[in-house]
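Geometric and topological summary
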Amino acid sequence: MTDKHINKATIHFQKLLQDQLARVDRMSTVEEQTDYAALNPIIVGILGGDGIGPFIAAEAQRVLESLLQVPLDAGKITFRVIEGLTIEKRAEVRQAIPGDVLEEIKECHVTLKGPTTTPRKGDPWPNIESANIAMRKELDLFANVRPVRVPSEGIDWVFFRENTEGAYALGSNGIDVTDDLAMDFTVTSTQGSERLLRLAFEYANKNNINKVTLVSKANVVKTTDGKFLKVGYEIAKEYPDIEVDDWYIDIMTAKLIDPKRRTQFRVMALPNLYGDILTDEAAELQGGVGTAGSANIGKKYAMFEAIHGSAPRMVVEGRAQYADPSSMIRAGAMLLRHIGYEGQGIRLEMALDITGQFEKKLVMTGRKDGASSREFCDYVLETINAPDLEQRWKSHQP
Ligand code: IPM
Ligand code: MG
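These numbers come from a predicted model, not from an experiment.

Section: the site of ligand 1
- Near ligand 1 the following residues occur: Thr 118, Ser 130, Asn 132, Ile 133, Arg 136, Arg 146, Arg 161, Tyr 168 and Asp 276.
- Arg 136 places a polar side-chain atom, nitrogen or oxygen, 2.7 Å from an oxygen atom of ligand 1.
- Note that an oxygen atom of ligand 1 is positioned 2.8 Å from one of the side-chain N or O atoms of Asp 276.
- A total of 320 Å² of accessible area belongs to ligand 1 in isolation, and the protein chains cover 80% of it.
- Per-element accounting of the shell around ligand 1 gives the leading share, three residues, to helix 6 (residues 131-138).

See the structure below:
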């Protein structure tokens, strides 16, 4: 009996090892980086997703269209709305991303994606893998970059979350060895850590930030987190002007709410699961997960999204039109910067700071007593186009 279970689990594990070793091999071959300046047109895919996704994605698209009017008219940028990344369709074909949708996504250079429902045991949906995670794996979007800024509190953070490994790599491939014994796996590779950590250090270097903080739980999760930390310190040697320190995730979580300590953090690099958790906490300090954008960066592709979920309850209760579109619009700003429209991205970020943090002429509550997504988006558009945008933004800097 026991032998049978062990054999079955061993065969499963062997297959996982083969897949992971093949993935490491693929990472070792140099992939060319997309040069957006050389593309004509740049194709931007819009994926509505589930729940409140289509509502907030439409608002974000409206903002991007306004900021990109000139290149859009000149045919240098094209928007493509991709249908079908919905839980209904995914459940029907039993795929995390339906094949035809994935093909369309791969024809775009970058995508802006609304939140998608992640099925879990007990849901009416088949327990398929999260579309987010599948997209990160399929397009090899290895870095999840999440900025959080609260100027009035001196908070100016950018999180570099590893996006294809850790507890997520095999999150849907654990083993029920027996009825009583379940095992999951966490995966860290040298190549996977290196590319993420290098991006974090490069970002710090380019932006004159002299500190990078590595986050792990290497005192307990010794092998995988240990590797992440070791690679981090090795890469740090290439950047002698950048100070590097490391914190364990538990105390790091505490220090983010310590007003004296937290202002010292600037760039943080961390494995997948810790990054997932810590960035929700950080976003809450900025005004909620509805306010934070997220960039999923690979060598070839990039995908931009809100950091929150699809909020199906808001749809059921008829409140989807009151969903805060800020996170999607922030993701849009990151998209603009990424494809070479830095100026537009900066204007948009300023407008979001003004509308969401400084002036707050409209307040979103997620309900009828607050502004609607559309009204808020109009407020953002009006702010972007105001001649005194920069002055207004500067007047609120500490
Ligand atoms: C995020 C989300 C996803 C994640 C979910 C939807 C799978 O929480 O982007 O942070 O865990 O990565
Ligand atoms: Mg998350």
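Side note on helix 2 (residues 53-67)
- The end-to-end C-alpha distance of helix 2 is 21 Å, a good match for the 21 Å that 15 residues give at a rise of 1.5 Å each.
- Taken together, the buried positions of helix 2 are occupied by Gly 53, Ile 56, Ala 57, Glu 59, Ala 60, Gln 61, Val 63, Leu 64 and Leu 67.

What about the sheet that holds strand 11 (residues 293-297)?
- Here we have 10 strands laid out as an open sheet, ordered 2-1-3-12-11-4-5-10-8-9, and mixed in their pairing. Sheet topology places strand 2 (77-82) and strand 9 (243-248) at the edges, where each strand pairs with a single neighbour. Between one strand and the next, the sheet's axes are offset by a mean angle of 20°, whatever the strand orientation.
- Sheet topology places strand 5 (residues 155-162) next to strand 10 (residues 267-270); four bridges connect them, and they run parallel. The partner of Phe 160 across the bridge, within strand 10, is Ala 269.
- Seen against the sheet, helix 14 (residues 326-338) touches strand 1 (42-47), strand 3 (110-113), strand 4 (143-150), strand 11 and strand 12 (302-306) and runs at an angle of roughly 155° to strand 12.

Structural notes on the nonpolar core
- In terms of nonpolar packing, the biggest core is built from 72 residues, with Leu 112, Phe 304 and Leu 348 touching the most fellow members.
- Tallying contributions element by element places helix 14 first for this core, with seven residues.
- Viewed by domain, this core spans two of them, domain 1 (1-30 + 142-290) and domain 2 (34-139 + 298-398), each represented by three or more residues.

A few points about the domain arrangement of the protein chain
- Taken domain by domain, the protein chain holds domain 1 (1-30 + 142-290) and domain 2 (34-139 + 298-398).
- Between domain 1 and domain 2, the C-alpha centre-to-centre distance is 24 Å.
- Tallying the contact residues gives 20 residues for domain 1 and 19 residues for domain 2.
- In total, about 1600 Å² of surface goes out of reach between domain 1 and domain 2, with carbon and sulfur atoms giving 53% of it.
- Summed over the three residues of domain 1 that lose the most area to domain 2, namely Arg 149, Pro 151 and Gly 290, the buried surface amounts to 30% of that side.
- For the pair domain 1 and domain 2, the interface holds one salt bridge.
- A salt bridge links Asp 353 to Arg 149, with the shortest nitrogen-to-oxygen separation between them at 3.1 Å.
- At the boundary of domain 1 and domain 2, one finds four residue pairs in polar contact (both at pLDDT 80 or more).
- Every element with two or more residues in the side of domain 1 that touches domain 2 is listed here: strand 4, helix 7 (166-169) and helix 12 (272-286).
- In terms of residues, the side of domain 1 that touches domain 2 owes the most to one element, strand 4, which gives six residues.

A short note on the environment of Met 314
- With respect to the element layout, Met 314 can be found in helix 13 (residues 312-316).
- Measuring from C-alpha to C-alpha, the distance between Met 314 and Ile 52 comes to 7.2 Å, with 262 residues separating the pair along the chain.
- Apart from residues lying up to four places away in sequence, Met 314 is in contact with Ile 52, Arg 319, Ala 320, Tyr 322, Ala 323 and Gly 366.

So, the environment of Lys 211
- Note that Lys 211 resides in strand 8 (residues 211-216).
- Accessibility expressed as a relative area gives 9% for Lys 211, which makes it buried.
- Distance from Lys 211 to Arg 94, taken between C-alpha atoms, is 44 Å for residues 117 residues apart in sequence.
- In this view, Lys 211 contacts Ile 242, Glu 243, Asp 245, Gln 264, Arg 266 and Val 267; residues no more than four positions away in its chain are not counted.
- Among the polar contacts made by the side chain of Lys 211, one reaches the side chain of Asp 245 at a distance of 3.5 Å.

Notes on unusual backbone geometry
- Along the chain, Asn 40 connects to Pro 41 via a cis peptide bond; the corresponding omega equals 0°.
- Among the secondary structure elements, Pro 41 is positioned in the loop between helix 1 (2-28) and strand 1.

What to know about the pairing of strand 9
- With six bridges connecting them, strand 8 and strand 9 associate as parallel partners. Considered in strand 9, the bridge of Thr 213 is made with Asp 245.
- Handedness of the crossover is the feature at issue here: the chain leaves strand 8, passes through helix 9 (residues 224-236), returns alongside strand 9, and the resulting connection is right-handed.

Thoughts on a nonpolar patch on the surface
- Taken together, the side chains of Phe 13, Leu 17 and Leu 21 present a nonpolar region at the surface, about 280 Å² in accessible area.
- Tracing the backbone through its elements, the reader meets Leu 17 in helix 1.

What about a negative patch on the surface?
- Together, Asp 176, Asp 179, Asp 180 and Asp 184 give the surface a local cluster of negative charge.
- With respect to the helices, strands and loops of the structure, Asp 184 is situated in the loop between strand 7 (182-183) and helix 8 (190-206).
- You can call Asp 184 exposed: its relative accessible area is 58%.

Let's talk about the side chain of Thr 117
- Mapped onto the fold, Thr 117 is located in the loop between strand 3 and helix 6.
- Since its relative accessible area comes to 15%, Thr 117 is described here as buried.
- Once residues lying within four places of it in the same chain are set aside, the contact partners of Thr 117 are Asp 50, Ile 87, Arg 90 and Ser 310.

About the criteria used
Residues numbered from 1 in each chain as written. Chains lettered and ligands numbered in written order. Predicted model: local features only at pLDDT ≥ 70, side-chain atom pairs only at ≥ 80, totals over all residues. Heavy atoms only, no water. Near = heavy atom within 4 Å. Polar contact = N/O pair within 3.5 Å; in protein donor to acceptor, adjacent residues only side chain to side chain. Areas by Shrake-Rupley, 256 points an atom, 1.4 Å probe, with all protein chains shown as cover. Helix = DSSP H or I, 4+ residues; strand = E, 2+ residues; numbered from the N terminus. Expected span 1.5 Å × (residues − 1). Buried < 20%, exposed > 50% of the residue type's maximum accessible area, 1.4 Å probe, protein only. Pairing = 2+ DSSP bridges. Axes fitted to C-alpha atoms, helices over the stretch in contact; angles between N-to-C directions. Contact = heavy atoms within 4.5 Å. Core = buried A, V, L, I, M, F, W, Y, C linked by side-chain atoms within 4.5 Å. Domains from an automatic or database assignment. Buried area = accessible area lost by both parts, 1.4 Å probe. Salt bridge = Lys/Arg side-chain N within 4 Å of Asp/Glu carboxyl O. Right-handed = clockwise from strand over helix to strand, strands pointing away. Patch = residues over 30% accessible without salt bridge, like charges linked within 9 Å, V, L, I, M, F, W, Y side chains within 5 Å. Lys, Arg positive; Asp, Glu negative; His and termini not counted. Charge placed at Lys NZ, Arg CZ, Asp CG, Glu CD.

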